[in-house]
Amino acid sequence: MGCDGGTIPKRHELVKGPKKVEKVDKDAELVAQWNYCTLSQEILRRPIVACELGRLYNKDAVIEFLLDKSSEKALGKAASHIKSIKNVTELRLSDNPAWEGDKGNTKGDKHDDLQRARFICPVVGLEMNGRHRFCFLRCCGCVFSERALKEIKAEVCHTCGAAFQEDDVIVLNGTKEDVETLKRRMEERRLRAKLGKKAKKPKAAESVSKPGVSEEFPGPSKIKTGKPEETSLDSREKKASSAPKNAANGSSSGKVGKPPCGTTKRSIADSEESEAYKSLFTTHSSAKRSKEESAHWVTHTSYCF
């Protein structure tokens, strides 16, 4: 059994007990959540976006995921709820002036303070390192600490002044309870949007099926501006309709009215125009040829007799 040579085994070496549950280091977990993209596991760099569940992503990683949704990507499950680029919001983050990044640690012999964050709350000044709860607004993308929103209660964004509601506030990297609440809100919001689209479709169909209503009440654009062809056609129809009325009025009064234009054919030779003008037409005597000058039936030319 291997206990030769005078070795005395202890109990924990012979008896195998239950395995200890491995605990995740909280500091490492916070660094991964607040400094790295949830989808590509790369360092967060601007432009940074957040989904409706409060997770942080690089915008280019989200675009690549939407263009190529292959089943080989294991991390695609974390972004399965993102159907289009409209489901994410670009964040407006405030830089931390005390954060130096990798500038002071070029040789690698300097201690990196993991608690030092790249971004801070613009109202209170708390660092966005996971020790404090942060949230953003869906309407404008501004990021604040939860303490700032509670202490300064307002219905307007503290940075850009955009109005927001309680439904627009989304917690960043929240707990499981926060994620469940945000997921329920997201489903309700998308259901309302879908019902709104269905309600708009019957209205559009009704407007197409009833064109007479729009013709009876034309808009300002139809009244002010019109095509010249349509106006000319209307004027011609009005003149044509007014011509027989004038003729009827003339006959009733005892006066013989002039016939409308085009009713009788008039020859150019009988007109009072000049001879140069009359010679342009085939009915003029200069255009007529005698039988001797007419073309031969074989040659088909007028100059070969």
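Residues numbered from 1 in each chain as written. Predicted model: local features only at pLDDT ≥ 70, side-chain atom pairs only at ≥ 80, totals over all residues. Heavy atoms only, no water.

### Quick look at the overall build of the protein chain
Stage number 1. When helices and strands are counted, the protein chain shows nine helices and eight strands.
Stage number 2. Out of the 305 residues belonging to the protein chain, those deemed buried represent 21%.
Stage number 3. Contacts spanning at least 24 positions in sequence make up 45% of the contacts within the protein chain whose residues lie at least 6 apart.
Stage number 4. When the accessible area of the protein chain is evaluated, it comes to approximately 24100 Å², of which 54% is carbon and sulfur surface. (Helix = DSSP H or I, 4+ residues; strand = E, 2+ residues; numbered from the N terminus. Buried < 20%, exposed > 50% of the residue type's maximum accessible area, 1.4 Å probe, protein only. Contact = heavy atoms within 4.5 Å. Areas by Shrake-Rupley, 256 points an atom, 1.4 Å probe, with all protein chains shown as cover.)

### A short note on the sheet that holds strand 7 (residues 143-145)
Stage number 1. The three strands are arranged 7-6-8 in an open sheet whose pairing can be described as antiparallel. The sheet is open, and its two borders are formed by strand 7 and strand 8 (169-171), each paired with just one other strand. Averaged over all adjacent pairs, the angle separating strand axes in this sheet is 35°, with direction ignored.
Stage number 2. In this structure, strand 6 (residues 134-137) lies alongside strand 8, joined through three bridges in antiparallel fashion. The residue of strand 8 that forms the bridge with Phe136 is Ile170. (Pairing = 2+ DSSP bridges. Axes fitted to C-alpha atoms, helices over the stretch in contact; angles between N-to-C directions.)

### Section: a positive patch on the surface
Stage number 1. A contiguous patch of positive charge, built from Lys86, Lys194, Lys197, Lys198, Lys200, Lys201 and Lys203, is present on the exposed surface.
Stage number 2. Mapped onto the elements, Lys194 comes out in helix 5 (residues 176-209). (Patch = residues over 30% accessible without salt bridge, like charges linked within 9 Å, V, L, I, M, F, W, Y side chains within 5 Å. Salt bridge = Lys/Arg side-chain N within 4 Å of Asp/Glu carboxyl O. Lys, Arg positive; Asp, Glu negative; His and termini not counted. Charge placed at Lys NZ, Arg CZ, Asp CG, Glu CD.)

### So, the environment of Ala154
Stage number 1. Within the fold, Ala154 resides in the loop between helix 4 (146-151) and strand 8.
Stage number 2. Given the relative accessible area of 40%, Ala154 is considered partly exposed.

### Things to note about the pattern of salt bridges
Stage number 1. Counted according to the given criterion, the structure contains eleven salt bridges.
Stage number 2. Linking Arg133 and Glu146 is a salt bridge whose minimum nitrogen-to-oxygen distance equals 2.7 Å. You can see Arg133 sitting in the loop between strand 5 (119-120) and strand 6 and its partner Glu146 sitting in helix 4, a full 13 residues away along the chain.
Stage number 3. For Arg133, a relative accessible area of 37% gives the class partly exposed.
Stage number 4. In this structure, Arg138 and Asp168 form a salt bridge, with 3.5 Å as the shortest nitrogen-oxygen distance. With a gap of 30 residues between them, Arg138 in the loop between strand 6 and strand 7 and Asp168 in the loop between helix 4 and strand 8 connect regions that are remote in the sequence.

### Structural notes on unusual backbone geometry
Stage number 1. At the junction of Arg46 and Pro47, the peptide bond is cis and its omega measures out at 0° in the coordinates.
Stage number 2. Within the element layout of this structure, Pro47 appears in the loop between helix 2 (26-35) and strand 1 (48-50).
Stage number 3. The phi angle at Gln41 is positive, at roughly 60°, despite the residue not being glycine.
Stage number 4. Examined against the element boundaries, Gln41 turns out to sit in the loop between helix 2 and strand 1.
Stage number 5. Of note in the backbone geometry, Asn173 takes a positive phi value of approximately 50° without being a glycine.
Stage number 6. Mapped onto the fold, Asn173 is located in the loop between strand 8 and helix 5.

### Looking at the layout of surface pockets
Stage number 1. Each pocket or cavity is described by its volume, and for the second largest pocket that value is around 380 Å³.
Stage number 2. Lining the second largest pocket are 16 residues; nearest its centre among them are Glu146, Leu149, Glu166, Val169 and Arg185.
Stage number 3. Among the secondary structure elements, those contributing two or more residues to the lining of the second largest pocket are helix 4, strand 8 and helix 5.
Stage number 4. With four residues, helix 5 is the largest single contributor of residues to the lining of the second largest pocket.
Stage number 5. Looking at the lining of the second largest pocket, its residues break down into seven nonpolar, two polar and seven charged. (1 Å grid on protein atoms, 1.4 Å probe; cavity = no way out; pocket = protein on both sides within 12 Å on 5 of 7 lines; lining within 4 Å. Points joined across faces, edges and corners; volume = space filled by probe spheres on them. Nonpolar A, V, L, I, M, F, W, Y, C, P; charged D, E, K, R; others polar.)

### Here we look at empty space enclosed by the protein
Stage number 1. According to the stated counting rule, one finds three cavities of 30 Å³ or more in the structure shown.
Stage number 2. Its boundaries defined by the atoms lining it, the second largest cavity holds a volume of some 40 Å³.
Stage number 3. Taken together, Trp34, Asn35, Leu44, Arg118, Phe119 and Met128 make up the lining of the second largest cavity.
Stage number 4. Of the residues belonging to the lining of the second largest cavity, the class tally is four nonpolar, one polar and one charged.

### A short note on helix 2
Stage number 1. Restricting attention to buried positions, one finds in helix 2 the residues Leu30, Val31 and Trp34. The buried residues of helix 2 occupy an angular sector of 100° when projected down its axis, which confines them to one face.
Stage number 2. Contact partners of the buried residues in helix 2: strand 2 (56-58) and strand 6. (Arc of directions from axis to C-beta.)

### Things to note about helix 3 (residues 59-67)
Stage number 1. Listed as buried for helix 3 are Ala61, Val62 and Phe65. For helix 3, the angular spread of the buried residues around the axis is 100°, confining them to a single face. Seen from the open side of helix 3, the exposed residues pointing more than 90 degrees away from its buried face are Glu64 and Leu67.
Stage number 2. Packed against the buried residues of helix 3 are strand 1 and strand 2.

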